[in-house]
Every structure is written in structure tokens, then in C-alpha cells.
Amino acid sequence: MDLPIPEPREATLPARVLVLIEEAERRVPAILEKRTPPGFVCSEFERVGRAIQGIVEANLAAGNACCEWGSGLGVVALMAACQGFHACGIEIDSGLVDEANALAEDLGLDVEFACGTFVPEGGEDLTDVPQEFGWLSAGGACGHEILGVDPEEFDLVFAYPWPGEEQVIEDLFERYAGDSALLLTFHGMEGLRLRRKIAGGAARP
Ligand SMILES: C[S@@+](CC[C@H](N)C(=O)[O-])C[C@H]1O[C@@H](n2cnc3c(N)ncnc32)[C@H](O)[C@@H]1O
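Predicted model, so just to flag it, every value in this text is computed and none were measured. (Residues numbered from 1 in each chain as written. Predicted model: local features only at pLDDT ≥ 70, side-chain atom pairs only at ≥ 80, totals over all residues.)

With that out of the way, let us pick up the overall build of the protein. Within the protein one finds 6 helices and 7 strands. Taken from N to C terminus, the helices and strands of the protein fall in the order β-α-α-β-α-β-α-β-α-β-α-β-β. Relative to the compact-globule value of 17 Å for 205 residues, the protein shows a C-alpha radius of gyration of 16 Å, a close match. Judged by the C-alpha coordinates and their principal axes, the protein covers about 40 × 40 × 35 Å. (Helix = DSSP H or I, 4+ residues; strand = E, 2+ residues; numbered from the N terminus. Rg over C-alpha atoms; globule rule 2.2 N^0.38 Å.)

The next subject is the site of the ligand. With respect to spatial proximity, 24 residues lie near the ligand, and among them Ser43, Gly70, Gly72, Ile92 and Ser137 are the closest. Of all the secondary structure elements, the ones that give two or more residues to the shell around the ligand are α3 (75-82) and β3 (86-91). By residue class, the composition of the shell around the ligand is 14 nonpolar, 7 polar and 3 charged. (Near = placed C-beta within 6 Å. Nonpolar A, V, L, I, M, F, W, Y, C, P; charged D, E, K, R; others polar.)

Attention now moves to unusual backbone geometry. For asparagine 59, which is not a glycine, the phi torsion comes out positive at approximately 55 degrees. For asparagine 59, the position within the fold is in the loop between α2 (45-57) and β2 (65-69). For asparagine 59, a count of 8 C-beta atoms within 10 Å translates into the label exposed. Located in the positive-phi region is serine 180, a residue other than glycine, with phi close to 75 degrees. Structurally, the position occupied by serine 180 is in the loop between α6 (166-176) and β6 (182-186). (Buried ≥ 20, exposed ≤ 12 C-beta atoms within 10 Å, placed from the backbone.)

Next up on the list: the environment of leucine 147. In this structure, leucine 147 sits in helix α5 (residues 143-147). Every residue in contact with leucine 147, bar those within four places of it in the chain, is listed here: Cys88, Glu112 and Ala114. (Contact = placed C-beta atoms within 7 Å.)

With that out of the way, let us pick up the nonpolar core. Ranked by internal contacts, the top residues of the largest apolar core, which has 55 residues, are Ala77, Leu78, Met79, Ala80, Leu156 and Val157. Not counting residues within four places of it along the chain, the set of residues in contact with leucine 156 comprises Ile55, Ala61, Cys66, Ala80, Phe85, Leu182 and Leu184. (Core = buried A, V, L, I, M, F, W, Y, C linked by C-beta atoms within 7 Å.)

Below you can see the structure in the form of C-alpha cells.
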């Protein structure tokens, strides 16, 4: 079920989140100068942070467990942690996991990043999309297993799928997320989308 993203009451993001975004944006060029991790593009942190702020203020999540699927530099998971979630991230690229851990440590944020795939075991059939240039990496250790958390335990999942791969995220969420979990996705120019998994129903509108 699609939900409108609540407009936050506060005019600005919490100071901790603003500091985090500034620091992340300072680090990104240096990371990309060293190498370009395949499929790595940052979402618009401030926009995503505002959406999380709106979700928190409106008390939309059933609990405080959050996971960023394909966490890159980990900024969304870190922003969620700053806003009261017990957050983690799963990222296939070990270099990015190192960067996310360094950012978390430097900012004193307690967020775990697993190096592996967010595709739960048995979900590989849902990832087979005919894409010439896809960001979704096949294979890798199961990130949920590394974290010791079942995907159905998350109350909020965030992902930034490349065009053409939105359905994979939606289908994985629909199959593995817990009832009433929220899926927040970023779609570049098209902005953000928020859905709730309804027991026995489809996440699609
Ligand atoms: C578009 S980037 C988004 C990064 C970050 N979530 C953000 O919003 O800034 C997608 C990320 O997913 C990672 N990725 C691709 N396939 C993955 C998989 N199967 N499991 C975990 N991470 C994956 C890529 O390495 C990349 O860092």
C-alpha cells in the first residue's frame, strides 16, 4: 500500500544529521577519485533524511529496526540511527563497507554494516531481470545472516534501485519483509516512494 510521505513539522533536519551529511558529502569525491565502485551513486541525503524525519514524527514505523539495502557509504542507515532507529546496512562492495564503518566510527554512531548481499537466501529467482547495465550484484554472502537478523524483523527498509530494478526490490520486500514493514525507496528525479506491506496483500498500489 502506497503512503504519502509525511512533511516534517521541523523546518530543518536535526543538527547531528546535518553534520553527518556535510561530512559524507566531503568524503564522496575522494572515494570516487580512488575508484568507481560499480553501481554506486549516492541518493539525495537531505531529501531522504527529511522523509525519515517525517516517518518518525508521524510514528509510521511499527518499531525501530531499520536496514539500508545496498548501503554504499551508509549515510541513510546513519541518518536513521541519528533519528532514533536501531539501524544497519548491507553492502556488497567491501571498500564501501570500510568507508561506511569509518564514517560511523568517526561520528560516534553505532551502526553495523555487513559486507554481503541483501538478497535473502532463496530470493535469487526474483533478481533475474533483463538489464544491460544493472547495479544489482548477484552472489555474495547473505548480509542478513551476517547481521544475525531476519529480513522480516525490519520495520523500515531503504533502497535506491536503478531504473528497471525497482521491481526486484519491491518483490524481495513483498516476499521477505514482515507485515506492516515500511519500504522507502529513492528514484532519482522521480523522488521518493513509501509503501507499507499489508498482511496477505501486495506492496504494489
Ligand atoms: C545506487 S547505490 C545506493 C547507495 C546508498 N544506498 C545511497 O542511497 O546513497 C546502490 C548500492 O547497492 C550496492 N549493491 C548492489 N547490489 C547489491 C547486493 N546484491 N547486495 C548489497 N548491495 C548491493 C552497490 O554496491 C551500491 O553501493
